[in-house]
Amino acid sequence: MNKIVEKEQFSENVFKLVVEAPDVAVSRKAGHFVIIKIGEKGERIPLTIAGSNPDKGTIDLVIQRVGVTSHKLTSLNVGDEITDLVGPLGKATHIEKFGTVLAACGGVGTAPMLPIIEALKKAGNKVITVLAARNKELIILEDQVRQFSDEVVIMTDDGSYGTKGLVTKGMEDIINREKVDKSIVIGPAIMMKFAALTTKKYNIPTEASLNTIMVDGTGMCGACRISVGGKTKFVCVDGPEFDAHQVDFDEMLMRLGAYKDEEVRAFEAYMNN
Amino acid sequence: MENITDYYKSERAQEWRAEIRKSVKVKERTSKERTKMPEQEPTVRNKNSLEVNLGLAEKIAQSEAQRCIDCPDPTCVKGCPVNIYIPKFIKKIEIGDFLGAAAVLKDTNTLPAVCGRVCPQEKQCEAQCFYTIKLNQPPVAIGYLERFAADYERNSGKTAIPEVAKPNGIKVASIGSGPASLAWSADMVKMGYDVTVFEALHEIGGVLKYGIPEFRLPNSVVDFEIDNLEKMGVKFVKNFVVGKTATIDDLRAKGFKAFFVGSGAGLPRFMNIPGENSIGIFSSNEYLTRVNLMGAAHEDHDTPVIIGKNVAVVGGGNTAMDSVRTAKRLGADRAMIIYRRSREEMPARLEEVHHALDEEIEFLNLNNPVEYIADDKGRVQKVVLQKMELGEPDASGRRRPIPIEGSEYEIEVDEVVVAVGVSPNPLIPATVAGLETTKWGTIVVNDDLQSSVEDIFAGGDIVRGGATVILAMGDGRKAAGAMDKYIKEKIKK
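Since this is a predicted model, take the numbers as computed values, not measurements.

All names here are of chain A. Residues of helix α8 (residues 249-256) that are buried: F249, E251, M252 and R255. Taken down its axis, α8 places every buried residue within 160° of arc, on the same side. Contact partners of the buried residues in α8: α6 (189-201), β13 (206-209) and β14 (225-228). The distance from a side-chain oxygen at the start of α8 to the backbone nitrogen of D250 is 3.3 Å, and the residue carrying that oxygen is D248.

This is how it looks when you write it as structure tokens:
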């Protein structure tokens, strides 16, 4: 059981929870994720760790409300407990001094990006971060991102904040302006697909952090499998970060839809209860 | 073990044994027919998740026990990986001392109720039975009797919690909570150690929980044994991935003196054929975990599972049988086994194959998938099968399947479960410096099941690469003995 000690609402559907998990708080590194389960009959879902406080023994989780489990999780309050939490899982982000790093975040992808840019900044990189979302309300963690970025570019689809346009436009403006040595992209699969296509055009080595359907999260089931460079990989143990230019995003998008009908039905049943 | 023959001799000479032997003539014993296990009707059971085998009634068990002639040289014992003293427990059943029979089982086997259900007896004890090797008749139903005695004890409410030695305060840990670790933990706690079992999942039991379905091994049977271990003092820690949540080094710093790695063969194998990542194609691990561990077939559980109408399961082992029979129970019209060799070469327990056949499972032997075809949404729609024929025996001694060129044909499927084996879980080998592994990823151990790192022992599938519950348990016990010796020698120094 892991107690929730803080809760913050970023926007209508995006929440931050600070959760007691002393062992995870100590051992986690940038890029790691946890699996959580709520209640005896709950499902196991992966959530990337957005930060931690080893002294207090807590980790930060940022959750976007979409389906049954994320609704259940975000309806918990301070003092409530998450039934099961296990981690840190996956491989940590490879950090070194690349030079100039372009970090592109789509929506809640900003949360898992935060510890990565922190580590990159500390390793001596120049970090330029693009925060992109549909509108102003969905731009999250801006202040924290600014702490670890040399420059922050904000893009919104509707122009309600920052520059109007997609994440790829913000990325391309920077790439055309100065030399970029490395790029990292985190966000919805479709966003990562196009962000990867953008950097590929300019031959910039790029990592994408993937969030797929998982069950155990320790390599046991293969639900999270994707194709990278034509080879099957497991996101949970081989990832979650992969060479974005080698990832078959179309297959990943397809596999993310595996339970679409079941998810819609379950969500309707949940909301009617 | 050099005195084991003498031990058997003296035990056999005991008055009660001699008396019961004399009470019924050998001819009368051997003229009895082997008991049939009462089971749920096939057409009823293939729609529910209740256990297929119902167990023997007391009188029937005693009658089956009478078939055992209590041989002077009990060859059956040699067929058992943990050398259960089979004639003794069977004779205890014959005289009606069922709790006594259970006690004999527990001398060498931590989980008799589990083994009575899932051991491949036809390849072990029953293969070495006097009836099999000398009379060419069906063997004594040793497995049924083992299950009977263990169930009797469990249901009697008189389960004896084994005595444990005075706590010695020495901390030891296992990684994983499957059969190898459970057997190891029982022996270690009995010797007085401070035992912690670390499990990555949210349930204790490993493959006994996520893998083997309820209709073959009810969770309540496993939980009962885990409760007993807890009563003996074993500590279970769930949601803890050794190597991730904390490393072996972290645990050493917390005072753990030795480790037993029983992390299993957790990595599913795929065939790497075109279309295998289509929606609706699962590893058997994923399919069974969703259904068994996550309760996906129940409306009130959040985890979903695809319910197929035409389900193909690829493979011929127990996991394949478990998967295909699960699919039938979840409502498949057509549930099929696709296996590249013939029925004779299938590695599954004989009973599982018979049960599957009774439950209207189709067997497509000498067939092998070569490609999957998906619809425009990426959902599997067809499997392309290639016919096979058998050639010369291969390294496993089984005749090698050879593809017949040009024999490809398609069948419609909306769900596929790939059950072609598993590889060792790489988590521990990858996070412990100096731990020697084979090219298959299994941990290298010596005869004492000690690895290249002296305080780390290992057993079960992480060493064997894919074996049985009983072999894993045998390893757990052996490692416990060796670990005890290692720790005691270490303290002396």
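Residue and element names in this part refer to chain B. Counting through the fold element by element, I170 comes out in the loop between α11 (142-156) and β1 (171-175). Residue I170 is classed as buried on the basis of its relative accessible area, which comes to 15%. Separated by 166 residues in sequence, I170 and I4 place their C-alpha atoms 32 Å apart. Ignoring sequence-local partners within four residues, the contact set of I170 consists of Y193, D194, K257, I487 and I491.

Residues and elements named next belong to chain B. Counted according to the given criterion, the structure contains 14 aromatic pairs over all chains. Where F198 meets F256, the ring centres are 6.0 Å apart and the plane angle is 65°; that geometry is what we call edge-to-face. Taken as a pair, F198 in strand β2 (residues 194-198) and F256 in strand β4 (residues 256-261) lie far apart in primary sequence, 58 residues in all. Judged by its relative accessible area of 6%, F198 is buried. Owing to a relative accessible area of 7%, F256 belongs among the buried residues under this scheme. Their ring planes at 40° and their centres at 6.3 Å tell us that F256 and F259 sit as a pair that is tilted.

Looking now at the environment of I116(A). Residues and elements named next belong to chain A. Relative to the elements of secondary structure, I116 occurs in helix α3 (residues 110-122). Overall, I116 belongs to the buried group, its relative accessible area being 1%. Leaving out residues up to four positions away in the same chain, I116 has contacts with A30, G31, T93, I95, I184, I186 and E241.

Next up on the list: the sheet that holds strand β16 (residues 456-458) of chain B. Residue and element names in this part refer to chain B. Pairing in this open sheet of five strands is parallel, and the strands run β3-β2-β1-β4-β16 from one edge to the other. Strand pairing shows two members of the sheet lacking a second neighbour, β3 (235-237) and β16, which therefore form its edges. The mean inter-strand angle of the sheet, taken between neighbouring strand axes irrespective of direction, is 20°. Alignment of β1 against β2, held across five bridges, turns out to be parallel. Residue pairing across strands places V172 opposite V195, the latter belonging to β2.

Here the residue pair G87(A) and P88(A) is connected by a cis peptide bond, since its omega of -5° sits within 30 degrees of zero. Position of P88(A) among the secondary structure elements: in strand β7 (residues 84-89). Positive phi, normally seen in glycine, also occurs at E360(B), with a value near 70°. Within the secondary structure, E360(B) sits in the loop between α18 (350-358) and β9 (362-365).

As a further point, take the sheet that holds β9(B). Residue and element names in this part refer to chain B. With respect to topology, five strands assemble into an open sheet ordered β6-β14-β7-β8-β9, the strand pairing being parallel. At either margin of the open sheet sits one strand with a lone partner, and together these are β6 (281-283) and β9. Across the sheet, the mean angle separating the axes of adjacent strands is 20° when strand polarity is ignored. When strand β7 (residues 310-314) meets strand β8 (residues 334-339), the two strands line up parallel, connected through five bridges. Counterpart to N310 in the pairing with β8 is R334. Against the sheet, helix α17 (residues 318-329) touches β7, β8, β9 and β14 (415-418), its axis set at about 165° to β8.

Calculation rules
- Residues numbered from 1 in each chain as written.
- Chains lettered and ligands numbered in written order.
- Predicted model: local features only at pLDDT ≥ 70, side-chain atom pairs only at ≥ 80, totals over all residues.
- Heavy atoms only, no water.
- Buried < 20%, exposed > 50% of the residue type's maximum accessible area, 1.4 Å probe, protein only.
- Helix = DSSP H or I, 4+ residues; strand = E, 2+ residues; numbered from the N terminus.
- Arc of directions from axis to C-beta.
- Contact = heavy atoms within 4.5 Å.
- Polar contact = N/O pair within 3.5 Å; in protein donor to acceptor, adjacent residues only side chain to side chain.
- Phe/Tyr/Trp six-rings, centres within 6.5 Å; stacked < 30°, edge-to-face > 60°.
- Pairing = 2+ DSSP bridges.
- Axes fitted to C-alpha atoms, helices over the stretch in contact; angles between N-to-C directions.

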